[in-house]
Amino acid sequence: QVQLVESGGGLVQAGGSLRLSCAASGLTFGYYAMGWFRQAPGKEREFVAAISWRAGTTSYADSVKGRLTISRDNAKNTVYLQMNSLKPEDTAVYYCAADKWGQGVPRQESYDYWGQGTQVTVSS
């Protein structure tokens, strides 16, 4: 049974930092591209960042470039999202997702498995 479990969310002031983690089990982690998505209240879920399965190529939404960094540790079956210079508009539930043999694309339909999400709240 595949499980993706996010952690590290919380309440932070604008300009602060958080690091999200997503621990994967039940799959061969190194075969999967990993993505982070978010959903703010009243809005649709949107792409944040992704990292490919093989070369570790990364991609980001324009709104987070230069502030958020995705990385992975295949030995720990974990993907991370380092979030710096946070803004109130980053407030959302953050989800990680896994895409077998993926190149780390923004298209949500490409992802096979999803976590339950972790809440990030940025106060002004």
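Check the entry above for the structure.
These remarks concern the structure in this document. Here the structure is a predicted model, which means the values were calculated and not measured. (Residues numbered from 1 in each chain as written. Predicted model: local features only at pLDDT ≥ 70, side-chain atom pairs only at ≥ 80, totals over all residues. Heavy atoms only, no water.)

## Details of the sheet that holds strand β1 (residues 3-7)
Part 1 of the argument: Spatially, the four strands line up as an open sheet ordered β1-β3-β8-β7, and their pairing is antiparallel. The open sheet has two edge strands, β1 and β7 (68-73), and neither has a second partner. Taken pair by pair, the neighbouring strands of this sheet meet at an average axis angle of 15°, ignoring direction.
Part 2 of the argument: Of the pairings in the sheet, the one linking strand β3 (residues 18-25) to strand β8 (residues 78-83) comprises six bridges and is antiparallel in character. Bridge pairing in β8 links L20 to L81. (Pairing = 2+ DSSP bridges. Helix = DSSP H or I, 4+ residues; strand = E, 2+ residues; numbered from the N terminus. Axes fitted to C-alpha atoms, helices over the stretch in contact; angles between N-to-C directions.)

## Some details on the state of the cysteines
Part 1 of the argument: If you walk through the whole model with that rule in mind, you get one disulfide.
Part 2 of the argument: Put simply, C22 and C96 are joined by a disulfide, and their sulfur atoms are 1.9 Å apart. One disulfide, between C22 and C96, carries an S-S torsion of 45° and so falls in the right-handed class. Here C22 is found in strand β3, whereas its partner C96 is found in strand β9 (residues 92-100), with 74 residues between them in sequence. (Disulfide = S-S within 2.5 Å.)

## Structural notes on the nonpolar core
Part 1 of the argument: If you look at the biggest cluster of nonpolar residues, it comprises 34 residues, and the most contacted ones within it are M34, W36, V48, V79, L81, M83 and Y94.
Part 2 of the argument: When residues of this core are traced back to their parent elements, those giving at least two are β3, β4 (32-39), β5 (46-51), β7, β8, β9 and β11 (118-123). (Core = buried A, V, L, I, M, F, W, Y, C linked by side-chain atoms within 4.5 Å. Buried < 20%, exposed > 50% of the residue type's maximum accessible area, 1.4 Å probe, protein only.)

## Quick notes on the packing of aromatic side chains
Part 1 of the argument: One pass over the structure, following the stated rule, counts eight aromatic pairs.
Part 2 of the argument: Between the aromatic rings of F37 and W114, the centroid separation amounts to 4.9 Å while the plane-to-plane angle is 50°, which identifies the pairing as tilted. In this pair, F37 is assigned in strand β4 and W114 in strand β10 (residues 113-114), connecting sequence segments 77 residues apart.
Part 3 of the argument: Every member of this aromatic cluster is reached through a ring pair, and the members are F37, F47, Y111 and W114. (Phe/Tyr/Trp six-rings, centres within 6.5 Å; stacked < 30°, edge-to-face > 60°.)

## Some words on the side chain of R67
Part 1 of the argument: Inspection of the secondary structure assignment puts R67 in the loop between β6 (58-60) and β7.
Part 2 of the argument: Only 3.0 Å separates the side chain of R67 from the backbone oxygen of S85, close enough to count as a polar contact.
Part 3 of the argument: Leave out the neighbours within four places in its chain, and R67 touches Q82, M83, N84, S85, L86, K87 and D90. (Polar contact = N/O pair within 3.5 Å; in protein donor to acceptor, adjacent residues only side chain to side chain. Contact = heavy atoms within 4.5 Å.)

## Considering the pattern of salt bridges
Part 1 of the argument: What the rule picks out here adds up to five salt bridges.
Part 2 of the argument: Here D90 and R38 are joined by a salt bridge, their closest N and O atoms 2.9 Å apart. Residue D90 is found in the loop between β8 and β9, and its partner R38 is found in strand β4; the two are separated by 52 residues along the sequence.
Part 3 of the argument: D90 sits in the buried class, given a relative accessible area of 0%.
Part 4 of the argument: With relative accessibility at 6%, the residue R38 sits in the buried group.
Part 5 of the argument: In this structure, K65 engages D62 in a salt bridge whose closest nitrogen and oxygen atoms are separated by 3.2 Å. (Salt bridge = Lys/Arg side-chain N within 4 Å of Asp/Glu carboxyl O.)

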